[in-house]
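Each chain, written out:
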Amino acid sequence: MRLIAIAFVLAASAFAEPVTVADFARLHGLVASRDAASGRDLLKGASTIVLAPGMSLAVVDGRVIPLSEEVRVENGRTVMSAEDASKIASCIREGEAPRPPPRYEPEPRPASSPVVRKAPLVKQAPVAAKKPGKFREVVIDPGHGGVHTGGKGAKGTMEKDIVLDVSMEIRDILREAGIKVTMTRETDRHLAPEVRDDLEARVDFTEKHDPDLFLSIHANWAENKGAQGFEVFYPRAGCEGSATERETGRKLAEQIRKTFADRFDTPDRGVKEAGYFVIKNAPCPAVLVELEFVSNTTGERNLRDDGYRKRLAVAVADAVLQQSRK
Ligand SMILES: [Zn+2]
């Protein structure tokens, strides 16, 4: 009874300090564990919650809950902001959580009797979080692969490896958010030895899967070693997609640009129209992201950094999820 009172007061009044996942789990009768491979925290009980450091969202019972801040790791413990803890608390099922006996009970119920479901203590998830997104199926296209290395940095970094790693991370995040994701490649391979055939194979693959979004991931290269930053492309007029699809692509490109500009200290080269083969011929909204220049010293150093690549992936995925809900 006392535990419930404390839990309720904390949930209702919002935690003042950042909340550790362990404390949150304890308060809500959930069992917390961490998947060492992915670094994600899993809370299981009446509800299942997935939290990943670096992501500003939680997945609660398969629903994506946007958070106001990124979940982060402090002194080895995963923490979230007080506001976000309250938000997640408002979305979880309270059915099996320990609760006081209902007031109308004439006698205390025996300890072994099943818990009676009644109205949740706190309001349910915001309607927006429940709305099915418009990007139900996404094709992610890690550029190049196999014999096609893409751009190469001074330290030997190859674009094909960088973009595959970032794309796989985006894939995992979107799948956790309930989006069906297929990939043009998931290993270091080309789709055809000739460049033109390889690009056509990517378009054929996309046509076959008929997704709601085609997302091509690249890293940039330039003769001018001073060139640095990110840029995001959508199909120019006259491409395969309809005007509505172009507009959807433009809006997502802008969302990715904005998310990158907010999170990365590197030049914002903007959103641009382009006729690149894969986005030109995509039969759906299409976006091509140039993450950073592998030909730039700082750019290459960042792209070689595991944490930086993960942040890039999270930023792209966050932008896709935000636009999907609009
Ligand atoms: Zn490329």
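Refer to the structure presented above.
Note that this is a predicted model, so its numbers are computed, not measured.

1. Some details on the pairing of strand β8 (residues 77-80)
So, step 1. Note: strand β1 (residues 19-20) against β8, 2 bridges, orientation antiparallel. Bridging across to β8, V19 finds its partner in M80.
So, step 2. With 3 bridges connecting them, strand β7 (residues 72-74) and β8 associate as antiparallel partners. Across the sheet, residue V73 finds its bridge partner in β8, namely T78.

2. Some words on the packing of helix α5 (residues 159-176) against helix α10 (residues 306-324)
So, step 1. Remark: α5 packs on α10, axes separated minimally by 8 Å, with the N-to-C direction vectors making an angle of 45 degrees. Our classification of the angle between α5 and α10 gives oblique. The two elements α5 and α10 meet at a crossing, and its hand is right-handed. Between α5, through I162, D165, V166, E169, I170, I173 and L174, and α10, the contact on the second element is made entirely by R309, K310, L312, A313, V314, V316, A317 and V320.
So, step 2. Of the residues that constitute the contact of α5 with α10, the class distribution is 11 nonpolar, no polar and 4 charged.

3. Description of the sheet that holds strand β2 (residues 31-35)
So, step 1. Pairing is antiparallel in the open sheet, where 5 strands are placed in the order β2-β3-β4-β5-β6. Each edge of the sheet is formed by a strand with only one pairing partner; in this case those strands are β2 and β6 (63-66). Pairs of neighbouring strands in the sheet enclose a mean axial angle of 25 degrees, with direction left out of account.
So, step 2. Strand direction decides the pairing type here: β2 and strand β3 (residues 40-44), joined by 5 bridges, are antiparallel. Its bridge partner lying in β3, A32 is registered against L43.

4. A closer look at the pairing of strand β13 (residues 268-274)
So, step 1. One ladder, built from 5 bridges, connects strand β12 (residues 230-235) with β13; its direction is parallel. Among the inter-strand pairings, F233 is bridged to a residue of β13, identified as K272.
So, step 2. In this fold, β12 hands off to helix α7 (residues 243-263), which returns the chain to β13; that crossover is right-handed.

5. Looking at the sheet that holds β7
So, step 1. Taken together, the 3 strands give an open sheet; going across it, the order is β1-β8-β7, and neighbouring strands pair in antiparallel fashion. Each of the sheet's edge strands pairs with one partner strand only, and the pair in question is β1 and β7.

Procedures and definitions
Residues numbered from 1 in each chain as written. Predicted model: local features only at pLDDT ≥ 70, side-chain atom pairs only at ≥ 80, totals over all residues. Pairing = 2+ DSSP bridges. Helix = DSSP H or I, 4+ residues; strand = E, 2+ residues; numbered from the N terminus. Axes fitted to C-alpha atoms, helices over the stretch in contact; angles between N-to-C directions. Parallel < 35°, antiparallel > 145°, perpendicular 65-115°, else oblique. Left-handed = near helix turned anticlockwise from the far one by under 90°. Contact = placed C-beta atoms within 7 Å. Nonpolar A, V, L, I, M, F, W, Y, C, P; charged D, E, K, R; others polar. Right-handed = clockwise from strand over helix to strand, strands pointing away.

In short, geometric facts, not functional conclusions.
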